[in-house]
Amino acid sequence: MFQRILVANRGEIALRIIRACRDLGIESVAIYSQADRDAPYLALADERICIGPPPATESYLRVPQIISAAEISNADAIHPGYGFLSENPDFAYKCRLSNIEFIGPPVEAMRALGNKDQARKLARSVGVPVVPGSDGLIRSDEEALRFARQAGYPVLIKAAAGGGGRGIRVAHNDAELLSGLQTAQAEAEAAFKDGSVYLEKYLDRPRHIEVQILADQHGNAIHLWERECSMQRRRQKLVEESPAPNLPDDVRQAICEAAVRLVKAANYQNAGTCEFLVDQDNRFYFIEVNARIQVEHPVTELVTGVDLVREQIRIAAGEPLRFTQEQIRHQGSAIECRINSEDPANDFRPSPGKITRWLPPGGPGVRLDTHACAGYVVPPYYDSLVAKLLVHQPTRAESIATMRRALAEFVIEGIKTTIPIHQQIMQTPEFIEGRVDTTFIERCMLPADKARRLSAG
Amino acid sequence: MAEATERPNPFDVQTIRRLVELMARYDLNEVDLNQGETRIRLRRGARATGSSQTGTHGATTPAPAPTEQPPAPTVVPGSVSPPATQPSAPPTTKLIPITSELIGTFYAKPRPDKEPFVKVGSQVKPDTVVCLIEAMKVYNEVVAGVTGTIAEVCVDNGQYVEYGTVLFKVIPS
């Protein structure tokens, strides 16, 4: 087992990893940029090292700085969290070269699944259905047009090196397709250093359903059931839950088994998530694998009782999985609301600054994962996630009731947050009835706000 | 019997504790108070700077060695100031710090058997190499980035440094 783990991240996930280390009796080393030097969770780590100035590109994304920090602090493993370097094969490789264990998948699996076009090919090879799409990367305008006309518009142009909702454009006709291809390739080149793109049919109002998996270094792989993440705005998740409401059991079973089949084919290890779209006829299609722990992992922890971050550490240390598939039981209903420092009344504009008042919710069935507190200054340089508010109850109706209570208890002043939009979601009939899709928020909730604001003058 | 003194007594633990709390609350690194014949100077150290104490002096109270986070009280009766762990520059000159941008091990000498790159009093120009920082088996040369005279060497040979660690202080010319 490791003696010391360097946490190569910040904010709530850094705190989450530090807690898992403490539970296991492992020392932790926290890194921080100058913007995070007063972060409260740093005091919980056994050592803390400043790795750069505020911008992420000069701190949390700087591979040499982070590896040096691991060396001088004698860390024998690095946990990359999510975002930042968590899916960077070069970083994972350099850890390996420096004899530091990377808590995540092997470099080869990361590379194989990191290219979304390759991942689709792998899925098809093991009988996992994929979203109807181009046969590989698009090499010419003619090829793109041919696919689009055969599959039917609208189509999605997707960067092969993208992921997490980034590098995607919609085209509704030939003209948009051709100009979209140019722009998408340029953007992908700039953002991911890889301009290759492929096409997918744009599914009509799909649900986003993903499967959590764990795989060890001994060939064992299990799923921990699904999460539904259809409540999105601009492809960023706002609310996640498990189980997916109104999903037939046989479909659920098939999706989960497909996920395990896929990660086994990729020789995947550690924690990961397979993402699928489910259409209105309950047919499912693979879109991508997230080869890391995810923001919404606590949803699965609540309904299965498995501590995923602790299992990540155990797997990386070479231990076999402690559970068989049969032992992973799904219990109750869990919902997570992502509380971001954004102003929903002003197009979700970021709202960094000092939190002047902080009254967190609590009580039965409530879990709050956050690094923030009264007096904490949310820096402007990083993502806007301030807290993850979760509830877990025996039924979905009870979970929604508890979430309403918890949101009403939660007071955050000094910054704007997305609490109001979550309160609205918890009152929205379609959400309550479990009849939403990935277009719902933008189609039904936000334009209404705009209309109301306009009419109010 | 001696009447209760109304002046704050620098040896009074309560006063010192209060000053320490104020320093933490307002994020002060140094507090230097003079009142008549008594003086208190409290300094909050950064992570193990390890600058060497230059020994005691004529005052009756030896200065304790600086520790890590808590302030190191230097209580000096009278106006004799202890020899400088502070630079000997006149107090009005602003010193320019040379800070580390790398994380690794600080080396003052190009090789163990050679002289250090610079010492207190060395003249530097912006491209003068002042030290090495070894990171991931690579020895990186650190240049001064400023013209002036080295006033203070703030880290020890072989010490680990991080981003922002002050390596040297320079009197600019």
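Parameters and conventions
- Sequence order as written defines residue numbering, which begins from 1 separately in each chain.
- Going through the entries in the order they are written, you letter the chains from A and number the ligands from 1.
- In keeping with the model being predicted, local features are shown solely for residues with a pLDDT of at least 70 and side-chain atom pairs are shown and tallied solely at 80 or more, while totals for entire chains, interfaces and linings include all residues.
- In computing side-chain values, all of the structure's heavy atoms are included and hydrogens and water are not.
- Numbering goes from the N terminus for both helices and strands, where a helix is a DSSP run of H or I of at least four residues and a strand is a run of E of at least two.
- Burial here depends on accessible area, computed with a 1.4 Å probe over protein chains only, as a share of the maximum for the residue type. Under 20% is buried, over 50% is exposed, and the range in between is partly exposed.
- Note on contacts: a residue pair is in contact if any heavy atoms of the two residues lie within 4.5 Å.
- Summed over both partners, the accessible area lost on bringing two parts together, with a 1.4 Å probe, is the buried area.
- For this analysis, a salt bridge means a side-chain nitrogen from Lys or Arg found within 4 Å of a carboxyl oxygen belonging to Asp or Glu.
- The pairing criterion for strands is at least two bridges between them, as found by DSSP.
- Helix axes are fitted to C-alpha atoms over the stretch in contact, other axes to C-alpha atoms as well, and angles between N-to-C directions run from 0 to 180 degrees.

### Re the environment of Ala191(A)
Residues and elements named next belong to chain A.
Step number 1: Relative to the helices and strands, Ala 191 resides in helix 7 (residues 174-192).
Step number 2: What makes Ala 191 partly exposed here is its relative accessible area of 44%.
Step number 3: As for Ala 191 and Ala 161, which are separated by 30 residues in sequence, their C-alpha atoms are 9.1 Å apart.

### Digging into the interface of chain A and chain B
Step number 1: Chain A puts 17 residues into the contact, and the matching count from chain B is twelve residues.
Step number 2: Between chain A and chain B, roughly 1,200 Å² of surface is buried when both sides are summed, and carbon and sulfur atoms account for 58% of that area.
Step number 3: Looking at the side of chain A facing chain B, the largest losses of area belong to Cys50(A), Gln65(A) and Ile72(A), adding up to 42% of the total buried there.
Step number 4: The interface formed by chain A and chain B includes zero salt bridges.
Step number 5: The greatest single-element share of the side of chain A that touches chain B, amounting to seven residues, is contributed by helix 2 (residues 63-72) of chain A.

### Observations regarding the sheet that holds strand 7 (residues 166-171) of chain A
Residues and elements named next belong to chain A.
Step number 1: With antiparallel pairing, three strands are arranged side by side in an open sheet as 7-6-8. Strand pairing shows two members of the sheet lacking a second neighbour, strand 7 and strand 8 (197-201), which therefore form its edges. Adjacent strand axes in the sheet meet at a mean angle of 25 degrees when their direction is disregarded.
Step number 2: Of the pairings in the sheet, the one linking strand 6 (residues 155-163) to strand 7 comprises five bridges and is antiparallel in character. In the sheet register, Ile 157 faces strand 7, and the bridge partner there is Arg 169.

### Observations concerning the pattern of salt bridges
Residue and element names in this part refer to chain A.
Step number 1: Following the criterion strictly, the structure yields 44 salt bridges over all chains and no others.
Step number 2: In this structure, the salt-bridge partner of Arg 120 is Glu 200, at a minimum N-O distance of 3.4 Å. Within this pair, whereas Arg 120 is found in helix 5 (residues 116-125), its partner Glu 200 is found in strand 8, the two being separated by 80 residues in sequence. As far as the burial class goes, Arg 120 and Glu 200 line up, both buried.
Step number 3: Where Lys 237 meets Glu 296, a salt bridge forms, and the shortest distance between an N and an O atom there is 2.8 Å.

Functional significance is not addressed by these values, which are geometric in nature.
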